[in-house]
Amino acid sequence: MSSLPTKYTVGDYLAERLAQIGIRHHFVVPGDYNLVLLDKLQANPNLTEVGCANELNCSLAAEGYARANGVSACVVTFSVGALSAFNGTGSAYAENLPLILISGSPNTNDASQFHLLHHTLGTTDYSYQLEMAKKITCCAVAVARAHEAPRLIDRAIRHALLARKPCYIEIPTNLSGAECVRPGPISAVTDPVTSDKAALAAAANCASEYLSGKLKPVILVGPKLRRAGDGAEQALIKLAEAMGCAVAVQPAAKGMFPEDHKQFVGIFWGTVSTDAADSIVHWADALLCVGTAFTDYSTVGWTAMPDIPLMAAEMDHVTFPGAHFSRVRLGEFLSHLATTVKFNNSTMIEYNRLKPDPVLVRTATPSDELTRKEISRQIQALLDSKTTLFVETGDSWFNGVQLKLPPGALFEIEMAWGHIGWSIPAAFGYALRHPDRKIIVMVGDGSFQVTAQEVSQMVRFNLPITIVLINNRGYTIEVEIHDGSYNKIKNWNYALLVQAFNGEDGNAKGLTAKTAGELQDAIKAAEENTKGPTLIECSIDQDDCSRELITWGHFVAAANARPPRLPGV
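Please read all numbers here as calculations on a predicted model, not as lab measurements. Note on numbering: residues in each chain are counted from 1, in written sequence order. Thresholds applied to this predicted model are a pLDDT of at least 70 for local features of residues and 80 or more for the giving and counting of side-chain atom pairs; totals over whole chains, interfaces and linings are not thresholded and use all residues. Side-chain numbers here rest on the full set of heavy atoms in the structure, without hydrogens or water.

Asks: Describe helix α13 (residues 330-338), listing the residues and the values that go with them.
Replies: Here the term buried applies to any residue with accessible area under 20% of the maximum for its type, exposed to any over 50%, and partly exposed to those in between, with areas from a 1.4 Å probe on protein chains only. Note on conventions: DSSP H or I runs of at least 4 residues are helices, E runs of at least 2 residues are strands, and numbering of each starts at the N terminus. Those residues of α13 that fall on the buried side of the exposure criterion are L330, G331, F333, L334, L337 and A338. Seen from one end, α13 has its buried residues packed into an arc of 165°, which puts them on one side. Lining the buried residues of α13 we find α9 (197-212), α10 (224-228), α11 (232-243), β10 (286-290), β11 (310-313) and β12 (317-320). Here the arc refers to the set of directions running from the helix axis out to each C-beta atom. Contacts are residue-level and defined by heavy atoms, with any inter-residue pair within 4.5 Å sufficient.

Structure representation (structure tokens):
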């Protein structure tokens, strides 16, 4: 580094490590316990500070950045900041994203002097935040002395990178500027753990032998495939073509296997599957699950669990009937198996007999009232190889899953955590890392109200994100699970709100669409606005939701309503 500081501090150490692992933007909300640390991070020429409206948005923006960059950092203050940021940290844990949550904390002298402090619970024990962080991260550390900082910081970051999970680093306000040693080679933190060669060979050979005894194999792809890195997605394509079998994906893995590939058979989501994927998955006698996640949401209230023994290839191990192999990396396993497996296209032959005909979509006239189907039709026409589509929790999930992704298009969804409002800050964080991509967000009005402030940061950074807001006056996904007056929300003038974020120098546009023609005109205006976000408020009937959401909601409601199991039953 040029112009090295004469005194090297804990804050300098952390800043250099963040830059060395590829972080270029760190997301912050200032508070008095982290201000010195923020100064140190600002001083690093390879880092750009990104201020956020609040700590919830900050953590979710970092979550989105981790999707684009592979790792991210969120810096907040003690308690009032970190406890809010725990929400996005929980999302990163559930979604397998290495988010580094960094919190300032009280002066090291205060605990021994039994001081009652602001931003605490009003007790003299300040350890509660660290203990809470341990439950939602793969590694949580608190720096108590400056000379321990290098070891603890390196340990936490390495754990996060290897586990693909968030970590937590707590630095007292009087230690950020305390002197410490300079970092050693970054390879000590970033070097990957490769597969055990013997375990890898044994896993691939056993899997190949197992599959050779089956007549109808299918590959089911889950969301952990992309998180595995190491070329796992390309390795999957190589394996699929070597096997010749049908490939279905879970909804949270949409886009992780090319939708134009001849072996792609749709989204497997039980009764709300696309392209008859459920028919071929349930016909199979062998299911190779690659990075899958079977939850109540992805299985439609546990109604879509496969009923045959599963071969499960996870990020760091492989399990199938009668065998388990530890320390087998997913990408390496898929590549190795591709060289030993036998070709068997029986499921593709069957699928070609039962796959549905293409759905004919009616094009509305310009004067027609706007509908959910017309919104989807017009969004479909926007998708190209440079598009990343964010779909918010709610009916946007089901509408987004139905869209066809062209080659190169990417799809982001937060299905495991399912936090309404996630898409706005997450898309903001993602766009900072990939300003070259066309970002489109499908979000409902209820979700938008949770994190709307972060649109102001899109304005601040001149990000041309297109937000398609479906205004149906409430929490439609909750209505379909369990209706009540609490699902009705106060309506906003969303288009006007977005323009309010412009202040004196912004370039955001807020538009409304109540007809098909108005949406078409609004989309054209959004494409022409390259210097800021455009929100298109699409007003539709409150009962205009997808058949898939209604069906899914009924089954999830039934799963939620199961009575307690009695002891011994």
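After that view of the structure, there is still more to cover.
Asks: Can you explain the packing of aromatic side chains? Please cite residues and give values.
Replies: For Phe, Tyr and Trp, rings pair up if their centres lie within 6.5 Å, where Trp contributes its six-membered ring, and each pair is then called stacked (planes under 30 degrees apart), edge-to-face (over 60) or tilted (otherwise). Inspection of every chain in the model, using the stated rule, returns 16 aromatic pairs. On the basis of an interplanar angle of 0° and a centroid distance of 4.7 Å, the ring pair of W269 and F398 is categorised as stacked. Taken together, the positions of W269 in the loop between β9 (264-267) and α12 (277-283) and F398 in helix α16 (residues 395-402) put the pair 129 residues apart, joining distant regions of the chain. Assessed through its relative accessible area of 2%, F398 is described here as buried. Aromatic ring contacts, followed pair by pair, group W269, Y297, W397, F398 and W552 into a single cluster.

Asks: Outline α16, listing residues and values.
Replies: Because each turn of an α-helix spans 3.6 residues, side chains separated by three or four positions end up pointing in the same direction. With respect to burial, α16 is a largely interior element, seven of its eight residues being buried. Looking only at α16, the buried set comprises D395, S396, W397, F398, N399, G400 and V401.

Asks: Kindly report on the environment of N345, identifying the contributing residues and their values.
Replies: When you line up the elements, N345 lands in the loop between α13 and α14 (346-354). Between the C-alpha atoms of N345 and E170, which are 175 residues apart in sequence, the distance is 53 Å. Apart from the residues within four sequence positions on either side, N345 is in contact with M243 and G244.

Asks: Please provide a residue-by-residue account of the packing of helix α15 (residues 372-382) against helix α22 (residues 516-528), values included.
Replies: For the pair α15 and α22, the least separation of the axes is 11 Å and the interaxial angle reads 30°. The angle between α15 and α22 places the two elements in the roughly parallel class. Between α15 and α22 the crossing geometry is right-handed. Listed contacts from α22 to E374, I375, Q378 and L382 of α15 are A516, L519, Q520, I523 and E527. Considering only residue class, the contact of α15 with α22 consists of five nonpolar, two polar and two charged. Only the stretch in contact is used when fitting a helix axis, every axis being a line fitted to C-alpha atoms; angles between N-to-C directions are given from 0 to 180 degrees. These descriptions rest on fixed angle ranges, namely under 35 degrees for roughly parallel, over 145 for roughly antiparallel, 65 to 115 for roughly perpendicular, and the rest for oblique. Throughout, a crossing is termed right-handed when the near helix is turned clockwise from the far one, and left-handed when it is turned anticlockwise from it by less than a right angle. Each residue gets one label: Ala, Val, Leu, Ile, Met, Phe, Trp, Tyr, Cys and Pro are nonpolar, Asp, Glu, Lys and Arg are charged, and the others, such as Gly, are polar.

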